[in-house]
Amino acid sequence: LSSTSSAEEISETLRMLGQMASEVFIQADSVRRQGEQLELLRLTEEMAGVGQWWIDVKTRQVSWSDEIYRIFGLDRANFDPTVDDAVALYLEEDRGVLEAALERCFVEGVGYKLRSRVHRADGEIRMVEAQADCERGADGEVASVFGVFRDITDEEGSKRQLADSESRYRLLADRSSDLVLCHRVDGTLTYVSPSIGRQPSFGVMAYLSGNAIFADY
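Figured I'd write up the structure that's included with this text.

Thresholds, definitions, all that
Residues numbered from 1 in each chain as written. Predicted model: local features only at pLDDT ≥ 70, side-chain atom pairs only at ≥ 80, totals over all residues. Heavy atoms only, no water. Helix = DSSP H or I, 4+ residues; strand = E, 2+ residues; numbered from the N terminus. Buried < 20%, exposed > 50% of the residue type's maximum accessible area, 1.4 Å probe, protein only. Salt bridge = Lys/Arg side-chain N within 4 Å of Asp/Glu carboxyl O. Pairing = 2+ DSSP bridges. Polar contact = N/O pair within 3.5 Å; in protein donor to acceptor, adjacent residues only side chain to side chain. Core = buried A, V, L, I, M, F, W, Y, C linked by side-chain atoms within 4.5 Å. Contact = heavy atoms within 4.5 Å. Phe/Tyr/Trp six-rings, centres within 6.5 Å; stacked < 30°, edge-to-face > 60°. Lys NZ or Arg CZ within 6 Å of the ring centre and 35° of its normal. Expected span 1.5 Å × (residues − 1). Arc of directions from axis to C-beta.

What follows covers the overall build of the chain. When helices and strands are tallied, the chain shows 6 helices and 7 strands. Starting at the N terminus and ending at the C terminus, the chain contains elements arranged as α-β-β-α-α-α-β-β-β-α-β-β-α. Buried positions account for 28% of the 217 residues belonging to the chain.

Next comes the structure, spelled out in structure tokens:
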């Protein structure tokens, strides 16, 4: 009996060890997969230039993804922000609108989309866009606020350059003695220079009737 009992105990011990080993391997695989998913998220954020953030409404603690730390030029190791810490990174003129939007999130559960200016750690000012939504707890109260965040400085700069270029072109066209027409690929006119009033009506109408259709402009 002793021999049989001992064999059964050994078998049971081996079974338990095997089960524990299996659980360890499963946990290790889960951790590895989580690590891969986090790395994939980091790469995706880096390529898209979009970070994610989350606020615990009760504690006012803020969690940032790596991309947001990169946008601000800050290190996760020495900066663990609260709401007040995060708001302090915005230009003073833009803080009031952000604080009002956050308060509305916390109290009413209404999200927002804002464009604001922030200070990077190196002193550079950047234009950013943040979009937020809210999540309610079992009690119906707002438990957390989460959203996305991106640096739109270069995008806004390109828009301004394009607008300036179009403005200069229009100024030159307005002052030109030649007739300048702009139209879409379907022939719809989008711009006619003021010099049209000084052109021979027959030639202008022949061009318009053969090549373009008037539109509001």
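Moving on from the coordinates now.
Using the criterion set out here, one finds 12 salt bridges in the structure. A salt bridge links Asp 154 to Arg 126; its shortest N-O distance comes to 3.8 Å. Note that Asp 154 is positioned in helix H5 (residues 153-175) and Arg 126 in strand S4 (residues 125-136), a separation of 28 residues in sequence. For Arg 126, a relative accessible area of 14% gives the class buried. Among the ionic contacts, a cluster of salt bridges with common partners joins Arg 120, Asp 122, Glu 124, Arg 126, Asp 151 and Asp 154.

Of the two faces of strand S3 (residues 112-119), the one holding Tyr 112, Leu 114, Ser 116 and Val 118 is buried and the one holding Lys 113, Arg 115, Arg 117 and His 119 is not buried anywhere. Inspection of the sheet shows S3 paired to S4 by 8 bridges, in the antiparallel sense. Across the sheet, Val 118 pairs through a bridge with Arg 126, a residue of S4. Where S3 hands over to S4, the hairpin turn is made up of 5 residues, of which Gly 123 adopts a positive phi near 95°.

Residue placement: Asp 122 occurs in the loop between S3 and S4. Asp 122 sits 48 residues away from Leu 74 along the chain, and the two C-alpha atoms are 9.1 Å apart. Within the structure, Asp 122 has its side chain in polar contact with the backbone nitrogen of Glu 124 (distance 3.0 Å).

A word on the nonpolar core. Soluble globular proteins: nonpolar side chains tend toward being buried together. Among the nonpolar cores identified, the biggest contains 30 residues, and Trp 53, Trp 64, Tyr 112, Val 145 and Phe 149 are the most heavily contacted of them. Only strand S1 (50-56), strand S2 (61-64), helix H2 (66-72), helix H3 (83-87), helix H4 (92-108), S3, S4 and strand S5 (142-151) provide two or more residues apiece to this core. If you tally residues by element for this core, the top one is H4, at 5 residues. Excluding residues within four positions of it along the chain, Phe 149 makes contact with Gly 49, Val 50, Gly 51, Trp 53, Ile 68, Ile 71, Phe 72, Tyr 90, Val 128, Glu 129 and Ala 130.

Aromatic rings considered in pairs are described by the distance between their centres and by the relative angle of their planes. One pass over the full model with this rule turns up 4 aromatic pairs. Judged by centre distance (5.0 Å) and plane angle (5°), the rings of Trp 64 and Phe 72 are stacked. Judged on exposure class, the residue Trp 64 and its partner Phe 72 are both buried. Between Trp 64 and Phe 79 the ring centres are 5.7 Å apart and the planes differ by 40°, which places this aromatic pair in the tilted class. With Trp 64 in strand S2 and Phe 79 in the loop between H2 and H3, this residue pair connects regions lying 15 residues apart in the sequence. Ring pairs connect the aromatic residues Trp 64, Tyr 69, Phe 72, Phe 79 and Phe 149, which therefore count as one cluster. Geometry around Phe 106 places Arg 60 over its ring, the cationic atom sitting 4.1 Å from the centre.

This brings us to H4. Between the first and last C-alpha of H4 there are 25 Å, a value that for 17 residues agrees with the 24 Å anticipated at 1.5 Å per step. Those residues of H4 lying buried are Asp 94, Leu 98, Ala 101, Leu 102, Cys 105 and Phe 106. Looking straight down H4, one finds that the buried residues subtend no more than 135° of arc, so they occupy a single side. Looking at H4, the residues exposed on the side facing more than 90 degrees away from the buried face are Glu 92, Glu 93, Val 97 and Val 107. Buried residues along H4 sit in contact with S1, H3, S3, S4 and S5. Directly beyond the C-terminal end of H4, a positive phi value near 75° is found at Gly 109.

Taking every second residue as pointing to the same face, the buried face of S2 carries Val 62 and Trp 64, while none of Gln 61 and Ser 63 on the other face is buried. From the end of S1 to the start of S2, which pair antiparallel, there are 4 residues, and Arg 60 there has a positive phi angle of about 65°.

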